[in-house]
Amino acid sequence: MDLEIKDLSSLKYISNKIQKALAEKDVYTVSDLLRFFPIRYEKRILSSINDKNVDVIVKATILSLPAVTVHRENLSSISFMALSEGVEFRVTIFNRKQLLNKLTLNKEIYLEGKYERYRKQFTAANVFFNFSNGIEPSYALSLTYPSYFKTVIQNTFDYYGAYLRESLPEPI
């Protein structure tokens, strides 16, 4: 199978939005996708809400229904009360209205962002519904759900990885 000519549009699990984001990075074929590497790796470790660090990842339970505030045309926020390790605090997430239906009462979530202890305010950069400590790849793509892109990469490698041609030179 020639992966150099197999177009991404033939893969049913890659949406038009992902194809468009990949095209901006000159990724058009399965071969291109399998050779599209992360720009960096991020170490993600669950922290305590009581840590001295401002940037944390905490496990929390949603205590109130989320409320949406539209600040202006391209700026909105969702806010709700949450509980982590006996500490109750307000969470604010900007420009993530698509999360609204997933943020339900008593749901356990993982929040990544900045916690201001004295104001009891958490500004979330990311919200996860499942989490495992480790190193995560970060791709230079503007996508709403970067975690889904990791699934796309994994599915592509699982199905087409065996067809990759070895690029190392023959032994002398």
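This text follows the structure it describes.
What counts as what
- Residues numbered from 1 in each chain as written.
- Predicted model: local features only at pLDDT ≥ 70, side-chain atom pairs only at ≥ 80, totals over all residues.
- Heavy atoms only, no water.
- Helix = DSSP H or I, 4+ residues; strand = E, 2+ residues; numbered from the N terminus.
- Rg over C-alpha atoms; globule rule 2.2 N^0.38 Å.
- Buried < 20%, exposed > 50% of the residue type's maximum accessible area, 1.4 Å probe, protein only.
- Contact = heavy atoms within 4.5 Å.
- Pairing = 2+ DSSP bridges.
- Salt bridge = Lys/Arg side-chain N within 4 Å of Asp/Glu carboxyl O.
- Phe/Tyr/Trp six-rings, centres within 6.5 Å; stacked < 30°, edge-to-face > 60°.

Asks: Can you walk me through the overall build of the chain in this structure?
Replies: Looking only at helices and strands, one finds three helices and eight strands in the chain. The C-alpha radius of gyration computed for the chain amounts to 20 Å, which surpasses the reference 16 Å derived for 172 residues by more than 25%, pointing to a less compact arrangement than a globule. Summarising its shape, the C-alpha atoms of the chain cover approximately 65 × 40 × 25 Å along the three principal directions. Within the chain, buried positions represent 37% of all 172 residues. Pairs at least 24 apart in sequence give 57% of the contacts found in the chain among residues at least 6 apart.

Asks: In this structure, what is going on with unusual backbone geometry? I would like to understand it.
Replies: Trans peptide bonds make up most of the peptide bonds, and negative phi angles are found at most residues other than glycine. The residue Glu85 is not glycine, and still its phi comes out positive at about 55°. Considering the arrangement of structural elements, one finds Glu85 in the loop between strand 4 (75–84) and strand 5 (87–94). On the accessibility criterion, Glu85 (49% relative accessible area) is partly exposed. Even without being a glycine, Lys120 presents a positive backbone phi close to 50°. Mapped onto the elements of the fold, Lys120 is located in the loop between strand 6 (108–116) and strand 7 (121–128).

Asks: Just checking my understanding: could you explain the pairing of strand 7 for this structure?
Replies: Here is the key point about a regular strand: its side chains alternate between the two faces of the sheet. The pairing of strand 5 with strand 7 spans four bridges and is parallel. Within the sheet, the bridge partner assigned to Arg90 lies in strand 7 and is Gln121. As paired elements, strand 6 and strand 7 share seven bridges and run antiparallel to each other. By the bridge assignment, Gly113 is partnered in strand 7 with Ala124. Adjacent in sequence and paired antiparallel, strand 6 and strand 7 are bridged by four residues, among which Lys120 carries a positive phi angle near 50°.

Asks: Hey, could you run me through the pattern of salt bridges in this one?
Replies: Here the idea is simple: oppositely charged side chains can pair when their charged atoms come close. Enumeration according to the criterion identifies seven salt bridges in this entry. Across the pair Lys114 and Asp55 runs a salt bridge, and its minimum N-O distance is 2.8 Å. A residue pair is termed long-range when its members are at least 10 positions apart, and Lys114 in strand 6 and Asp55 in strand 2 (residues 55–62) qualify at 59 residues. Asp55 sits in the partly exposed class, given a relative accessible area of 49%. One salt bridge in this structure joins Lys150 and Glu136, with 2.3 Å as the shortest N-O distance. Taken as a pair, Lys150 in helix 3 (residues 146–160) and Glu136 in strand 8 (residues 134–138) lie far apart in primary sequence, 14 residues in all.

Asks: Where do I start with the packing of aromatic side chains in this structure?
Replies: Pairs of aromatic rings are described using the distance from one ring centre to the other and the angle between the two planes. The tally for this structure, following the rule as stated, stands at nine aromatic pairs. Summarising the aromatic geometry, the rings of Phe36 and Tyr139 are spaced 5.8 Å apart at their centres and angled 20° between planes, so their arrangement reads as stacked. Here Tyr139 lies in the loop between strand 8 and helix 3 and Phe36 lies in the loop between helix 2 (30–34) and strand 1 (40–44), a separation of 103 residues in the sequence. Given the relative accessible area of 14%, Phe36 is considered buried. Arranged with centres 5.5 Å apart and planes meeting at 65°, the rings of Phe89 and Tyr115 form a pair that is edge-to-face. Taken together, the residues Phe89 in strand 5 and Tyr115 in strand 6 connect sequence positions 26 residues apart. The class of Tyr115 is buried, set by a relative accessible area of 8%. Each residue in the set Phe36, Tyr139 and Phe149 is aromatic and connected to the rest through ring pairs, giving one cluster.

Geometry only, nothing functional implied.
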